[in-house]
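Results of the structural survey
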Amino acid sequence: MVSLKGKKEKYIIDLVERVVWTGLETVSAAGIVEAFDINVAYTAPIAVGLATVKGILAKLIGSSNTAATLPATDDTPIGVPAPQ
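These lines cover the structure that appears in this document, whether it is placed above or below. (Residues numbered from 1 in each chain as written. Predicted model: local features only at pLDDT ≥ 70, side-chain atom pairs only at ≥ 80, totals over all residues. Heavy atoms only, no water.)

1. Here's the deal with the overall build of the chain
Scanning the chain from N- to C-terminus turns up two helices and zero strands. The buried share of the chain, reckoned over its 84 residues, is 20%. Within the chain, contacts between residues at least 6 apart in sequence are counted, and of these 30% link residues at least 24 apart. With an accessible surface of roughly 6100 Å², the chain has 69% of that area assigned to carbon and sulfur atoms. (Helix = DSSP H or I, 4+ residues; strand = E, 2+ residues; numbered from the N terminus. Buried < 20%, exposed > 50% of the residue type's maximum accessible area, 1.4 Å probe, protein only. Contact = heavy atoms within 4.5 Å. Areas by Shrake-Rupley, 256 points an atom, 1.4 Å probe, with all protein chains shown as cover.)

2. Some details on a nonpolar patch on the surface
A cluster of nonpolar side chains, Tyr11, Ile12, Leu15, Val16, Val19, Val20 and Leu24, forms an exposed patch at the surface whose accessible area comes to about 660 Å². Among the structural elements, Leu24 can be located in helix α1 (residues 4-35). For Leu24, a relative accessible area of 45% translates into the label partly exposed. (Patch = residues over 30% accessible without salt bridge, like charges linked within 9 Å, V, L, I, M, F, W, Y side chains within 5 Å. Salt bridge = Lys/Arg side-chain N within 4 Å of Asp/Glu carboxyl O.)

3. So, the side chain of Thr43
Counting through the fold element by element, Thr43 comes out in helix α2 (residues 43-61). The exposure class assigned to Thr43 is buried, which follows from its relative accessible area of 17%.

Here it is as structure tokens:
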């Protein structure tokens, strides 16, 4: 059984990963819009596209059943044993 401390740590790691990736995708989308002189209205769709690509590529990096880039040992659902 996973302790409460373990649950909080997994939550914080997951939260930090999501926040960092969202920030990177947003800044990248804004940079693309600026660099290619694209209408600013396309910033959000570009960010969504970047997030989609990241999610697809994450299957190769992290756990194969999530869109996270964390190693499978860190990204295993709470209460499920991590792969060895």
